[in-house]
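One-letter residues, chain by chain:
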Amino acid sequence: MSFEQLGLAPALLQAVQEKGYSEPSPIQAQAIPAVLSGRDVMAAAQTGTGKTAGFTLPLLQRLHESAPVHPHRLRALVLTPTRELAAQVAESVDTYGTHLPLKSTVVFGGVKINPQIAKLRRGVDILVATPGRLLDLHGQGEIDFSELEILVLDEADRMLDMGFIHDIRRILKLLPDQRQNLMFSATFANEIRSLTASILSNPVEVEVNPANATADTVEQWVYPVDKKRKGALLRELVIDHNWQQVLVFTRTKHGANRLAQQLDKAGLEAAAIHGNKSQGARTRALEGFKAGKVRVLVATDIAARGLDIAQLPQVVNFDLPNVAEDYVHRIGRTGRAGATGKAFSLVSADESKQLNGIQQLIQRHITREYVDGFEPEHDVPENAPLRRAHKPSKHAGKAKSGGQRQGNSGGNGNRNEGSRPPRRRRRSRAGSPSSSNGNRA
Ligand code: AMP
């Protein structure tokens, strides 16, 4: 399969060639013809699959092919949950559209609005935006949606997670009814399905079967934080994300006890399980957790191994394990069939060796995210480049089957090699742009 076979215009083929892509990734091979056909598309695809080009290339082509009534009137809107993602998508639109006479810009919150207004006033065909700022700008009369033809919701699951649903619904009401809708989401869990039903009409469903189900359904983040502030950060995450059932891993039994006590004191029902706990205590903790009475279950690696718990929406690594393979076991606790799991690692500067070991094992740099108010005094050192010929350790057979590989994702493994991911911030206020789960180069 080649990009030519997908029916892309020469100007886009040239841009793709200049980017150095030799062939479409699986999501691109499916999404590009679907979008070109003009139908609504619902695509299950995560970061790293090449999804951005999967919607950007055909979107550009469709805009280019149909003559606009007025040049540089807003015809395509891409909504993203975070400013980082917005910036990255906008960059892709620029790159892939470089040989086309279309204009694009990006707007997101947290920066001055006036330069964005100035750009909008000069006219754009494509706007990439986070919901809050878009609504602000519309409220100020700076955006006219009357000629909008295509709407893209990127990382729709994340938008819901971050509480953007009301903003999205408000935006939808402002758009013309006749339009093409494209929705990209890492998962199509139930909440997403109901959003899908209200937005998409008879959509083409596109899905790439990850070669490696475990890893590909777990989104992973590293939160650099000073050691002494990990407890406070964990509390903030639990409350902020409204996690009702979270499994937290610590390296030591003592650490597990201490953390469970701290959480309990802070009003978050928690229990610890580890080798020193009696079977009765473990069973009680586990039952409480399953029944929803214990919100945070703190466990050591050994204790967690034998746990009979259904897959969880998220796990947190309060400490990184000393053995990299344990990381893979830990995150394998999340990511239910067809749904995305999330794994958050709170990493202090002294754990860079463990982090490096994990990244070499899974052959990927985990996205870093800095949480407002928890920026570390001592930051985690820069990522070491991934060594291609990673020598698996004796457990690696097992670990690799859960490892994060990019084998079928368009040949874009090992991205970010040697570079540090952009500094990310997470804000808790709904409506403001937050972090991206991207691990893009
Ligand atoms: P995305 O999933 O859209 O965030 O893309 C992930 C990375 O894959 C980006 O760095 C893209 O530049 C890269 N990429 C996208 N499509 C291809 C392709 N067909 N071949 C190789 N790399 C690609």
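Now for a description of the structure that goes with this document. Everything quoted here is computed from the prediction, not taken from an experiment.

### Thoughts on the overall build of the protein chain
Then, in step 1: A tally of regular secondary structure across the protein chain gives 17 helices and 16 strands.
Then, in step 2: The buried share of the protein chain, taken over its 441 residues, is 57%.
Then, in step 3: Residue pairs at least 24 apart in sequence account for 76% of intrachain contacts in the protein chain once pairs closer than 6 positions are excluded.
Then, in step 4: Split by element, the accessible area of the protein chain, about 18700 Å² in all, is 48% carbon and sulfur.

### Considering the pattern of salt bridges
Then, in step 1: Applying the stated criterion across every chain yields a total of 12 salt bridges.
Then, in step 2: Measuring nitrogen to oxygen at the nearest pair gives 2.7 Å for the salt bridge that ties E149 to R75. Of this pair, E149 sits in the loop between α6 (131-139) and β5 (150-153) while R75 is found in the loop between α3 (51-65) and β2 (76-79), placing the two residues 74 residues apart along the sequence.
Then, in step 3: Where E142 meets R121, a salt bridge forms, and the shortest distance between an N and an O atom there is 2.5 Å.

### Observations concerning the sheet that holds β2
Then, in step 1: Strand order in this open sheet of 7 strands is β3-β4-β2-β5-β6-β1-β7, and the pairing throughout is parallel. Each edge of the open sheet carries a strand with a single partner, namely β3 (104-107) and β7 (204-207). Ignoring strand direction, the axes of neighbouring strands in this sheet form an average angle of 15°.
Then, in step 2: Here 4 bridges tie β3 to strand β4 (residues 126-129), and the two strands are oriented parallel to one another. Along β4, the bridge assignment pairs S104 with I126.

### Here we look at the environment of Q28
Then, in step 1: Tracing the chain through its elements places Q28 in helix α2 (residues 26-36).
Then, in step 2: Along the sequence, Q28 and T52 sit 24 residues apart, while their C-alpha atoms lie 8.8 Å from each other.
Then, in step 3: Among the polar contacts made by the side chain of Q28, one reaches the main-chain amide nitrogen of S25 at a distance of 2.9 Å.

### Some remarks on the nonpolar core
Then, in step 1: If you look at the biggest cluster of nonpolar residues, it comprises 40 residues, and the most contacted ones within it are F3, L57, L59, L60, I126, V152 and L182.
Then, in step 2: Not counting the four nearest positions on each side in its chain, L182 is found in contact with V35, R39, V41, F55, I150, L151, V152, L153 and L200.
Then, in step 3: In terms of nonpolar packing, the next biggest core, distinct from the first, is built from 35 residues, L120, V124, M159 and F188 among them.

### Some thoughts on the sheet that holds strand β14 (residues 367-368)
Then, in step 1: If you walk across this open sheet you meet the 7 strands as β10-β11-β9-β12-β13-β8-β14, and the pairing is parallel. Looking at strand neighbours, the two that pair on one side only are β10 (270-273) and β14, the edges of this open sheet.
Then, in step 2: Pairing of strand β12 (residues 314-317) with strand β13 (residues 341-347), which is carried by 4 bridges, proceeds in the parallel orientation. In the strand pairing of β13, V315 is matched with A343.

### So, the packing of α3 against helix α4 (residues 83-96)
Then, in step 1: Taken N-terminus to C-terminus, the directions of α3 and α4 make an angle of 45°; their axes are 10 Å apart at the nearest point. Here α3 is positioned oblique relative to α4, judged by the angle of their axes. Here α3 and α4 pass one another in a crossing that is right-handed. Each of T52, A53, F55, T56, L57 and L60 in α3 lies in contact with α4, whose residues at this interface are V89, S92, V93 and Y96.
Then, in step 2: The residue inventory of the contact of α3 with α4, partitioned by class, reads 7 nonpolar, 3 polar and no charged.

### Here we look at unusual backbone geometry
Then, in step 1: Even without being glycine, E155 reaches a positive phi, approximately 50°.
Then, in step 2: For E155, the location among the structural elements is in the loop between β5 and α7 (156-161).

What counts, and at which threshold
- All chains use their own residue numbering, which begins from 1 and follows the written sequence.
- It should be noted that, the model being predicted, local features are given only for residues of pLDDT at least 70 and side-chain atom pairs only at 80 or more, the latter also being counted only at that level, while totals for whole chains, interfaces and linings use all residues.
- In computing side-chain values, all of the structure's heavy atoms are included and hydrogens and water are not.
- Strands are runs of DSSP state E lasting at least 2 residues, helices are runs of H or I lasting at least 4, and numbering of each runs from the N terminus.
- Note on exposure labels: buried denotes an accessible area under 20% of the residue type's maximum, exposed denotes more than 50%, and partly exposed covers the range between, all computed with a 1.4 Å probe on protein chains only.
- In this description, contact between two residues means that some pair of their heavy atoms is separated by no more than 4.5 Å.
- Methods summary: accessible areas were calculated by the Shrake-Rupley approach with a probe of 1.4 Å, and residue burial reflects only the protein chains presented.
- Only one rule defines a salt bridge in this text: a Lys or Arg side-chain nitrogen within 4 Å of an Asp or Glu carboxyl oxygen.
- Any two strands are treated as partners once DSSP identifies two or more bridges connecting them.
- Throughout, an axis means a line fitted to C-alpha atoms (over the contacting stretch in the case of helices), and angles, computed between N-to-C directions, take values from 0 to 180 degrees.
- In protein, a polar contact means a hydrogen-donor-capable atom and an acceptor-capable atom, both N or O and within 3.5 Å, with residues adjacent in sequence counting only if both atoms are side-chain atoms; elsewhere, any N or O pair within 3.5 Å suffices.
- Here, the term nonpolar core denotes a set of buried Ala, Val, Leu, Ile, Met, Phe, Trp, Tyr and Cys residues that are joined through side-chain atoms within 4.5 Å.
- The cut-offs work like this: below 35 degrees is roughly parallel, past 145 is roughly antiparallel, 65 to 115 is roughly perpendicular, and the gaps in between are oblique.
- Left-handed is the label given to a crossing in which the near helix is rotated counterclockwise from the far helix by less than a right angle, and right-handed is the label when the rotation is clockwise.
- For this classification, Asp, Glu, Lys and Arg are treated as charged, while Ala, Val, Leu, Ile, Met, Phe, Trp, Tyr, Cys and Pro are nonpolar and the rest, including Gly, are polar.

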